Amino acid sequence: MNSIDLPKLFDLTKMSRKPGFQNGFFKKDILSVDQFDRDGLAYIFTRTDEMSEMVETVGACDLLHGYTLACVFYEPSTRTSASFIAAMERLGGNVIPITQGIQYSSVSKGESLVDTIITLEQYSDVIVLRHPEIGSVAKTAKYSGVPVINAGDGAGEHPTQALLDLYTIRKELGSLNGLRVAMVGDLRNGRTVHSLTKLLMNYDISLRLVSPDVLRLPLGMMNELIDKGIDVRETDRVEDVIKDVDVLYVTRIQKERFTDMAQYEEVKNYFEITPEVMANAKDKMVVMHPLPRVGEIHYTVDKDPRAAYFRQVKNGMYVRMALLAAVLGQA
């Protein structure tokens, strides 16, 4: 996509109201949602609104011209890797994509994660990293001379997914307070659930946790919710919550996190969201999913105007544009 001479078509100055060093994210690693308070979230979401308007108006700009992103994925990814690449390119930057076939890189020769990242920092201004081990991104970031953004670390966290999820809720429903949110599916292993739950603690919400017993939210996180006074309840039936929730956040049962395949077989089709289930939901609510889905939301639900998961995908690019610009001091 060719960038356009924006000053004639779009007011770029409103995308840079504050010098980068004042935004709180300049040259910072983005490793956990714990880094975001309500002020920080408001800042990123304001920049996200501007990025959305810019893309809808002119398609692309040169805000990050001359900057390079290294996109490094040790686990498979479609949306996260593609949206970071699209985000950087929409802002006029360059990308080093190591997202498919990392086994063909020097990793296959035994190169450590730290050495790989230190090597890539020589070519780039920011690194996006996904790795299967919990805490691996944070540990590696200590050795990097450029900002590292966590694109998922095993069953740990996925902060940028949580940001786009929260932004989607805000955009779809107009507020983040007074909502009842149901988390459905693999709540034990779901890093998207863990990260979004932490962000939701910043707001006046209530939670409904819907999962089979073996996939309940980790006890430590449950205790944190209780300590913060969040109204939280557990069930194993979507039917118990569908009539009252404002957000139905559905996740797949993650086969790759199971060591006992017999246990996976028992729970893999535990939840299925169908038009019949949605018939009992409120008229004004949203169904979300971090994707990929593997049968837990039927395709027949896609035409329901309350199905927001593909709008959620598009929002991901806008959020990541805002975050990249903030980390590089251009927003």
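The structure contained in this document is the topic of the report that follows. (Residues numbered from 1 in each chain as written. Predicted model: local features only at pLDDT ≥ 70, side-chain atom pairs only at ≥ 80, totals over all residues. Heavy atoms only, no water.)

Each helix and strand counted, the chain has 10 helices and 9 strands in total. A buried classification covers 57% of the 331 residues belonging to the chain. Taking the intrachain contacts of the chain between residues at least 6 apart in sequence as the baseline, contacts between residues at least 24 apart amount to 74%. Accessible area of the chain: about 14,500 Å², with a carbon and sulfur share of 48%. (Helix = DSSP H or I, 4+ residues; strand = E, 2+ residues; numbered from the N terminus. Buried < 20%, exposed > 50% of the residue type's maximum accessible area, 1.4 Å probe, protein only. Contact = heavy atoms within 4.5 Å. Areas by Shrake-Rupley, 256 points an atom, 1.4 Å probe, with all protein chains shown as cover.)

What follows is about helix 3 (residues 113–121). Within helix 3, the full set of buried residues consists of Leu113, Thr116, Ile117, Leu120 and Glu121. Seen from one end, helix 3 has its buried residues packed into an arc of 130°, which puts them on one side. In this fold, the buried residues of helix 3 make contact with strand 1 (68–73), strand 2 (94–98), strand 3 (126–131) and helix 4 (136–141). (Arc of directions from axis to C-beta.)

Moving on, we get to the packing of helix 1 (residues 38–58) against helix 5 (residues 159–173). Axis separation between helix 1 and helix 5 bottoms out at 11 Å; the angle between their running directions is 75°. One finds that helix 1 runs roughly perpendicular with respect to helix 5. The segment helix 1 lies against helix 5, with Leu41, Phe45, Thr48, Asp49 and Ser52 engaging Leu163, Leu166, Tyr167, Arg170 and Lys171. A class-by-class count of the residues in the contact of helix 1 with helix 5 yields 5 nonpolar, 2 polar and 3 charged. (Axes fitted to C-alpha atoms, helices over the stretch in contact; angles between N-to-C directions. Parallel < 35°, antiparallel > 145°, perpendicular 65-115°, else oblique. Nonpolar A, V, L, I, M, F, W, Y, C, P; charged D, E, K, R; others polar.)

Here we come to the sheet that holds strand 9 (residues 286–288). Spatially, the 5 strands line up as an open sheet ordered 7-6-5-8-9, and their pairing is parallel. Either end of the sheet is taken by a strand with one partner, and the two such strands are strand 7 (231–235) and strand 9. If you compare each strand with its neighbour and ignore which way they point, the axes differ by 15° on average. Across 4 bridges, the pairing between strand 5 (residues 179–184) and strand 8 (residues 247–250) is parallel. Opposite alanine 182, over in strand 8, you have leucine 248 as the bridge partner. Of the strands in this sheet, strand 6 (205–210) and strand 7 touch helix 7 (residues 219–227), which is tilted by about 145° from strand 7. (Pairing = 2+ DSSP bridges.)

On to helix 7, then. Taken together, the buried positions of helix 7 are occupied by Met221, Met222 and Leu225. An end-on view of helix 7 places all buried positions within 105° of arc, on one side of the element. Residues of helix 7 that are exposed and point over 90 degrees away from its buried face: Leu219, Gly220 and Asp227. Among the structural elements, helix 6 (191–200), strand 6 and strand 7 are those in contact with the buried residues of helix 7. Where helix 7 ends, the next residue or the one after it, glycine 229, has phi of about 75°, a positive value.

A separate point is the pairing of strand 2. Consecutive side chains of a regular strand alternate in pointing toward one face of the sheet and then the other. When strand 1 meets strand 2, the two strands line up parallel, connected through 5 bridges. Paired with threonine 68 across the two strands is asparagine 94, which belongs to strand 2. The β-α-β motif built from strand 1, the intervening helix 2 (residues 79–90) and the parallel element strand 2 has right-handed crossover chirality. (Right-handed = clockwise from strand over helix to strand, strands pointing away.)

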